[in-house]
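Observations on chain architecture
What follows is the residue order along each chain.
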Amino acid sequence: MSYAPPIRRPLEGERFHVIVIGGGINGVAIARECARAGRRTLLVEQHDFAAGTTSRATRIIHGGLRYLEHAEIGLVHESLVERRRLLRERPHLVHPIHFLLALDQNSGRSALAIRTGLWLYRRLGGGKLQAGSSREDQQKLERLLDSGRRWSVFSYEDAQCEFPERLVAEWLVEATEAGAVARNHTQVLAVDVRHRRVVGVLLRDQLSGKEERVEATWIINATGPWADRICQRSRIQTPHPMVGGVRGSHIVLPRFAGAPDAAVYTEAVDKRPIFVIPWNEQVLVGTTEVSDQGDPGKVQPSPEEIDYLVRSLLHLFPGVKLSTADIRYTFAGVRPLPFAPKENASAVTRKHHLHDHAPDGAEHMISVIGGKLTTAAELARQCASKIGASRKSSKTLAIASAQNAELLLDRWVIEIGNRGGISEDTARGIVEWHGRRALDISRMALRSAELRAPLCSHTEHIVAEAVDAFTGEGAVTLGDVLLRRVPVALGACWSPTCSREAAARIGAVMGWNETQSADQLEAFESERSAFLRKPARVSSVLEAAAD
Ligand SMILES: Cc1cc2nc3c(=O)[nH]c(=O)nc-3n(C[C@H](O)[C@H](O)[C@H](O)COP(=O)(O)OP(=O)(O)OC[C@H]3O[C@@H](n4cnc5c(N)ncnc54)[C@H](O)[C@@H]3O)c2cc1C
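Note that residues are indexed from 1 along each chain, following the sequence as it is written. With the structure being a predicted model, the display of local features is reserved for residues of pLDDT at least 70 and the display and counting of side-chain atom pairs for 80 or more, all residues being used for whole-chain, interface and lining totals. Note that the side-chain values use all heavy atoms of the structure and ignore hydrogens as well as water.

What follows is about the site of the ligand. A molecule or strand has a residue near it when one of that residue's heavy atoms lies within 4 Å. In the vicinity of the ligand there are 37 residues, among which Glu-45, Thr-53, Thr-54, Ile-60 and Thr-374 approach most closely. Polar contact criterion, stated in full: a pair of N or O atoms within 3.5 Å, where within protein one must be able to donate a hydrogen and the other to accept it, and residues adjacent in sequence count only if both atoms are side-chain atoms. At a separation of 2.9 Å, a nitrogen atom of the ligand approaches a polar backbone atom of Val-188. Only DSSP runs of H or I covering at least 4 residues are called helices, and only runs of E covering at least 2 are called strands; the numbering of each starts at the N terminus. Counting only elements with at least two residues in the shell around the ligand, the list comes to helix H1 (25–36), strand E7 (186–194), strand E10 (243–254) and strand E15 (329–338). Each residue receives one of three labels: charged for Asp, Glu, Lys and Arg, nonpolar for Ala, Val, Leu, Ile, Met, Phe, Trp, Tyr, Cys and Pro, and polar for the others, Gly being one of them. Class assignment for the residues of the shell around the ligand results in 12 nonpolar, 20 polar and 5 charged.

In structure tokens, the structure reads:
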């Protein structure tokens, strides 16, 4: 038995109530909201869902402690409400994490200001989260910190979504179940405007090259850092650019000896805030803020940013032995912040806003500017309400309260284990990435040993998850699967051998011929190396540290 992705039916001449352009977390959330409100919705993504900024974030679900410094109480409160909602609704993907805020004697932030800020942050967040914070975490960190400086360490809780790609995949399934038509690898070439009102879009299927015209009553431009480009292509003139792109870069390292178990929030060499976070069995260090007006699809960290992040890490933990060879990979994204040329990037608000293009001569078109992973669902509700597509009752998917989330996940692991054929580690891995859907995947896996086989010899994730991604989650390419639906290729020991093994095992079940397998593998490798980049240049700082 072989499996096939659903057929992409023609869209030419179809009419929708809403077309959402851009399948990042915001676009997918908006499409889900509009479809659930009963509106005929089309979601179009030029690459793959979550392949843009959404997969390039630091992956913290937070109120933004730092935004309190800019008196953004409303934003912090809104974000913390959303954090609570995500913890409750998606306990398998979003979990509390213990943070340690470490500041040395040269910090411009006083202990009193920090304590007050943390008190306020906890109050706004509705109390403490159960983040497993421990005295040992702090002692472990203190052993690593530069002993030549005097440190103040503060403890607080926030949340982490290690794989926002998976959150987007789940919301996408919910959008399509509610009736939305979702099309990845399809680019909007231009928005059609007639008599000062939008009437539809011209699409190009990136796989077949076919162009189609589709009509709509409303168009939502949720293209993040690409937002101005859509307007330029469609000759819609805004008084000034809507987005001021600010690049943020990360480096990913192996867990070094003594690496903290808690997430560390601290100051970089220039006193900017940075994070050192346990992520995906590795250590994620970021981020930077560099103005970037280039093509967001080609964004990559500069050697200076990589140097800066490594210098900051070694300044914090001088005893850690690192060399450039230890950097597993780096990645960067462009924050689609509101255009504010006179402001320092750190000070530009992270609050989203919805730009109505009626005064620009394009009625019924809204552009989404800014936002955070954390607030995407709330942004979607506001956007749907702006176009009159609010749901009567916005019932939430109450899977579990934070307290019994773990019990529920354990129950699913046991249920899968009891069916036989799947080890407990695999069952847990599937549950952690797919939540309730893990039960269907494990049922499919019972059909054959090929479906139960691991994707490569280093992972507990199995071929059935990849098949489910193709048949049920809109994946079209091997990259869609291995980088986003079943993101094993972000893992600690992924190598070209793993890619070949995974392609062969998935291809055998999907019924790919030799050419198809080779094409999928080649496209995947080129996408992975463009996204997760090994630093090109050996920095002098790193070399010195390695000596
Ligand atoms: C470095 C960095 C760190 C961050 N850290 C955090 C964090 O820790 N926590 C947090 O809450 N937020 C964080 N954020 C913010 C968060 O990642 C973004 O706000 C969010 O991902 C934006 O989502 P989006 O859907 O608006 O944009 P995107 O994810 O960029 O989606 C836009 C999509 O539009 C598509 N598109 C563009 N043009 C077209 C076209 N013509 N036709 C069809 N599709 C098109 C693109 O391919 C893209 O997939 C961070 C951002 C960055 C850059």
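Once you've had a look at it, read on.
What follows is about helix H8 (residues 376–386). For the exposure calls, accessible area comes from a 1.4 Å probe over protein chains only, and a residue counts as buried if that area is under 20% of its type's maximum, exposed if over 50%, partly exposed in between. Of all 11 residues in H8, 8 are buried; the element is thus mostly enclosed. Three or more residues of H8 are buried, namely Ala-376, Ala-377, Glu-378, Leu-379, Ala-380, Arg-381, Cys-383 and Ala-384. Contact definition: two residues touch when any of their heavy atoms are within 4.5 Å. On its buried side, H8 packs onto H1, helix H2 (73–89), helix H5 (164–177), strand E9 (211–221), strand E16 (353–356) and strand E17 (365–369).

A separate point is the environment of Trp-119. By the secondary structure assignment, Trp-119 is in helix H3 (residues 111–124). Classification of Trp-119 by relative accessible area gives exposed; the value is 53%. Counting along the chain gives 47 residues from Trp-119 to Arg-166, while the straight-line C-alpha distance between them is 32 Å.

The next subject is the domain arrangement of the protein chain. Domain ranges listed in this record stem from an automatic or a database domain assignment. Along its sequence, the protein chain is carved into domain 1 (15–53 + 165–242 + 350–386) and domain 2 (405–531). Computed from C-alpha atoms alone, the centre-to-centre distance between domain 1 and domain 2 is 29 Å. Contacts between the two partners involve 14 residues from domain 1, matched on the other side by 16 residues from domain 2. Two parts lose some accessible area (1.4 Å probe) when they are put together, and adding that loss for both gives the buried area. The junction of domain 1 with domain 2 conceals about 1100 Å² of combined surface from both sides, 51% of it contributed by carbon and sulfur atoms. Salt bridges, as used here, are contacts in which a Lys or Arg side-chain nitrogen is within 4 Å of a carboxyl oxygen on Asp or Glu. Between the two partners, domain 1 and domain 2, sit 3 salt bridges. Arg-166 serves as the salt-bridge partner of Glu-473, at 2.9 Å between the closest nitrogen and oxygen. Among the residues forming the side of domain 1 that touches domain 2, the class breakdown is 7 nonpolar, 3 polar and 4 charged.

Any two rings among Phe, Tyr and Trp, with Trp reduced to its six-membered ring, count as a pair given centres within 6.5 Å; such a pair is stacked if its planes are under 30 degrees apart, edge-to-face if over 60, and tilted if neither. Across all of its chains, the model carries 9 aromatic pairs by this definition. Between Phe-99 and Phe-275 the ring centres are 6.0 Å apart and the planes differ by 75 degrees, which places this aromatic pair in the edge-to-face class. You can see Phe-99 sitting in strand E4 (residues 94–104) and its partner Phe-275 sitting in strand E12 (residues 273–279), a full 176 residues away along the chain. According to the relative accessible area criterion, Phe-275 is buried, its value standing at 12%. Where Phe-256 meets Phe-317, the ring centres are 6.2 Å apart and the plane angle is 55 degrees; that geometry is what we call tilted. With Phe-256 in the loop between E10 and strand E11 (263–267) and Phe-317 in the loop between helix H7 (303–316) and E15, this residue pair connects regions lying 61 residues apart in the sequence. One exposure class covers both Phe-256 and Phe-317, and it is buried. One aromatic cluster is present, built from ring pairs that chain together Phe-99, Tyr-121, Tyr-156, Tyr-265 and Phe-275. Charges are assigned to positions over rings by a cutoff of 6 Å between ring centre and Lys NZ or Arg CZ, combined with an angular limit of 35 degrees from the ring normal. Directly above the aromatic system of Phe-16 lies the positively charged group of Arg-40, at a separation of 4.2 Å from the ring centroid.

Before going further, it helps to examine the environment of Pro-303. Summarising the element assignment, Pro-303 is placed in helix H7. A relative accessible area of 37% means that Pro-303 is categorised as partly exposed. Sequence separation between Pro-303 and Ala-536 is 233 residues; the distance between their C-alpha atoms is 7.6 Å.

Before going further, it helps to spend a moment on the environment of Gly-127. Residue position: Gly-127 is located in the loop between H3 and helix H4 (135–144). Gly-127 sits 260 residues away from Ile-387 along the chain, and the two C-alpha atoms are 35 Å apart.

Once that is clear, we can look at the pairing of E7. A regular strand carries its side chains on alternate faces of the sheet. The buried fraction of E7 is high, at 7 of 9 residues. Being paired, for any two strands, means DSSP has found at least two bridges between them. Pairing between E7 and strand E8 (residues 197–205): 8 bridges, direction antiparallel. Across the sheet, the residue bridging to Asp-192 is Gly-200, located in E8.

Turning our attention to unusual backbone geometry. Here Gly-286 and Thr-287 are connected by a cis peptide whose omega angle stands at 15 degrees. Note that Thr-287 resides in the loop between strand E13 (282–286) and strand E14 (290–291). Positive phi, normally seen in glycine, also occurs at His-195, with a value near 50 degrees. With relative accessibility at 79%, the residue His-195 sits in the exposed group.

With the rule as written, the count across this model stands at 42 salt bridges. Ionic pairing is found between Glu-165 and Arg-59, a salt bridge with its closest N-O pair at 2.7 Å. You can see Glu-165 sitting in helix H5 and its partner Arg-59 sitting in the loop between strand E2 (41–44) and strand E3 (60–61), a full 106 residues away along the chain. When its relative accessible area of 2% is taken as the criterion, Arg-59 is described as buried. Note that Arg-419 and Glu-415 form a salt bridge whose closest N and O atoms lie 3.5 Å from each other. By relative accessible area, Arg-419 is classed as partly exposed at 25%. Shared partners join several salt bridges into a network, and the residues in it are Glu-69, Asp-104, Arg-109, Asp-146, Arg-149, Glu-267 and Lys-271.

Turning our attention to the packing of helix H13 (residues 463–472) against helix H15 (residues 496–510). When two helices pack together, their arrangement is given by the angle between their axes and by how far apart the axes lie. A fitted line through C-alpha atoms represents every axis, and for helices the fit uses only the stretch in contact; the resulting angles, taken between N-to-C directions, go from 0 to 180 degrees. Remark: H13 packs on H15, axes separated minimally by 10 Å, with the N-to-C direction vectors making an angle of 60 degrees. The angle between H13 and H15 falls in the class oblique. With respect to the hand of their crossing, H13 and H15 are arranged in right-handed fashion. On H15, the residues that touch Val-463, Ala-466, Val-467 and Phe-470 of H13 are Arg-505, Ile-506, Val-509 and Met-510. Relative orientations are named as follows: roughly parallel for angles under 35 degrees, roughly antiparallel for angles over 145 degrees, roughly perpendicular for angles from 65 to 115 degrees, and oblique for any other angle. Should the near helix be turned anticlockwise from the far one by less than a right angle, the crossing is left-handed, and should it be turned clockwise, the crossing is right-handed.

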